[in-house]
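# Examination of the molecular architecture
Each chain is listed here by its residues.
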Amino acid sequence: MTVPGWVWLVTVVVILGLLAFDYFFHIRKAHVPTLPEAAKWSAIYVGFAIVFGILVWVFGGAQMGGEYFAGYITEKALSVDNLFVFLVIMASFRVPREDQQKVLLFGIVFALIARTAFILLGAALINSFSWIFYLFGIILLLTAGNLLRPEGEGDEDEANNFIVRMARKFLPTTDHYDGDKLSTMVDGKRVLTPMLLVMVAIGGTDILFALDSIPAIYGLTQNVFIVFTATAFSLMGLRQLYFLLDGLLDRLIYLSYGLAAILGFIGVKLFLHALHENTLPFINGGEHVNVIEITTGLSLTVIIGVLVITIVASLVSKAGKAQNAINNARRHAESYLDLTYTSDAGERERIYQLLVEEEQNILTMEKKYREKAKDVDKIREKVAAAHLAHQSYLSQ
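Cut-off values and rules
- Residues numbered from 1 in each chain as written.
- Predicted model: local features only at pLDDT ≥ 70, side-chain atom pairs only at ≥ 80, totals over all residues.
- Heavy atoms only, no water.
- Helix = DSSP H or I, 4+ residues; strand = E, 2+ residues; numbered from the N terminus.
- Contact = heavy atoms within 4.5 Å.
- Areas by Shrake-Rupley, 256 points an atom, 1.4 Å probe, with all protein chains shown as cover.
- Axes fitted to C-alpha atoms, helices over the stretch in contact; angles between N-to-C directions.
- Parallel < 35°, antiparallel > 145°, perpendicular 65-115°, else oblique.
- Left-handed = near helix turned anticlockwise from the far one by under 90°.
- Buried < 20%, exposed > 50% of the residue type's maximum accessible area, 1.4 Å probe, protein only.
- Core = buried A, V, L, I, M, F, W, Y, C linked by side-chain atoms within 4.5 Å.
- Salt bridge = Lys/Arg side-chain N within 4 Å of Asp/Glu carboxyl O.

## Here we look at the overall build of the protein
Broken down by element type, the protein carries 15 helices and 2 strands. The contacts in the protein between residues at least 6 apart in sequence include a share of 77% that link residues at least 24 apart. Here the protein displays about 20000 Å² of accessible surface, and carbon together with sulfur accounts for 65% of that area.

Given below as structure tokens:
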């Protein structure tokens, strides 16, 4: 179905309007969103996406509606997985929590621009070369395999990517923030702040994310309007979702397995579609191969089913509960160790008691689950440092 130009125009204006609203009414004044605020606006943006999908279903038909929802759910799940990397980058650069919203909005805008470019490139390749589906399928299968890689294998400092290293090497930079400014004056010279570098780091990772997400959604639909809108609406509200899920993301210990299953499934779907549209001379003599094609309805069912199973399994697992408790202990320890946190004795004691209570909670859990938690040794060091800091404070 061909989408009229005026529909494209209205859709783009609405998306740009939502981004402008986000900036002027939520981000312009630096603050840390409360949990109710993050939950409310996350629900609102998901509501926008659902209403848009219903409109697509009503005016475009069940096929387009199903493709939109399948694409939106897949891209949203991949976006949630991307938040893990954003957390690492934020922590690596020690971004002040009140300024993290602005960094995230930049990441969303850059991701939208990068993915739009990849969407247009993908559409051009598909129209010119039907064999591109083979390449997309390979990319997704490799990505799925990478998600199944054991924790820690080949991990790198996400903040120390190539672009950031080049910026630090050839441009004057400082390790100190000046509010949310991108540059500041040091000894009479204009230098870049870590705020600009963290935006560069997130922008660089956004490009890598696009290499996975765009082939994934093209495996569900080749309608460029659906690909663009499902991708755009999946990014809307990601900033609020970051603060809503912060602290809970590590609890979803099986999310990578679920995403691997979804990407693997879509990769197989792309291969089947590529065989059906085959023009490569060394496959079946360049003729189409008569294979079964996976329907949009089946794709949507598989995607939702895998995500539900993955999330439920993560939430009820003892390993997930142990990971959540250990991460809570880490957050309490970091809050206490923050030298700029507070000098109020009552507040210090409150945070310290939260740490002690979480430690007691951890000790009630089975040792095998505690020992398998991610970064458990580093977290133990932080907790021990918090105890020493508390003893030092009491002895003053």
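What follows continues from the structure just given.
## Remarks on the packing of helix H2 (residues 35–60) against helix H9 (residues 238–245)
Packing of H2 against H9 brings their axes to within 8 Å, and their N-to-C directions diverge by 140°. One finds that H2 runs oblique with respect to H9. H2 and H9 meet at a crossing whose hand is left-handed. Across the interface between the two elements, Leu35, Ala38, Ala39, Trp41, Ser42 and Tyr45 of H2 pack against Gln240, Leu241, Phe243 and Leu244 of H9.

## Some words on the packing of helix H7 (residues 194–218) against helix H8 (residues 224–235)
Following both chains from N to C, one finds H7 and H8 inclined at 135°, their axes separated by 10 Å at the closest point. Comparing their axes, H8 and H7 come out oblique. Both H7 and H8 take part in a crossing whose hand is right-handed. From H7, Ile214, Ile217 and Tyr218 reach across to H8, where they touch Val224, Ile226, Val227, Ala230 and Thr231.

## Describing unusual backbone geometry
You will see that Asn284, though not glycine, has its phi angle at about 55°, which is positive. Along the chain, Asn284 turns up in the loop between helix H10 (255–276) and helix H11 (296–316).

## Side note on the side chain of Thr229
Locating Thr229 in the fold gives a position in helix H8. On the basis of relative accessibility, which here comes to 0%, the residue Thr229 falls in the buried class. Leaving out residues up to four positions away in the same chain, Thr229 has contacts with Thr11, Phe52 and Tyr68.

## Let's talk about H9
Helical geometry: 3.6 residues make up each α-helical turn, so side chains three or four residues apart lie on a common side. Of all the 8 residues making up H9, 7 are buried; the element is thus mostly covered by neighbouring parts of the structure. Within H9, the full set of buried residues consists of Leu238, Arg239, Gln240, Leu241, Tyr242, Phe243 and Leu245.

## Focus on the nonpolar core
Formed by 85 residues in total, the largest nonpolar core has its most connected members in Tyr68, Phe86, Val198, Tyr218, Phe233 and Met236. Ranked by the residues each element gives to this core, the list is headed by helix H3 (residues 62–93), at 14 residues. If near-sequence neighbours (up to four positions away) are discounted, Tyr218 is found in contact with Ile119, Gly122, Ala123, Ile126, Phe133, Phe136, Val224, Val227 and Leu270. With 17 residues, the next largest nonpolar core counts Ala322, Leu355, Val356 and Ala386 among its residues.

## A look at the environment of Ile54
Locating Ile54 in the fold gives a position in helix H2. Along the chain, Ile54 and Phe69 lie 15 residues apart, while their C-alpha atoms are 9.1 Å from each other.

## Some details on the pattern of salt bridges
Working definition: two side chains of opposite charge can pair if their charged atoms are close together. Considering all chains together, one arrives at 6 salt bridges under this definition. Ionic pairing is found between Lys318 and Glu366, a salt bridge with its closest N-O pair at 3.0 Å. Pair noted here: Lys318 is in helix H12 (residues 318–337) and Glu366 is in the loop between helix H13 (345–363) and helix H14 (367–371), with a separation of 48 residues, a long-range link. The exposure class assigned to Glu366 is partly exposed, which follows from its relative accessible area of 34%. Where Lys382 meets Glu334, a salt bridge forms, and the shortest distance between an N and an O atom there is 2.5 Å.

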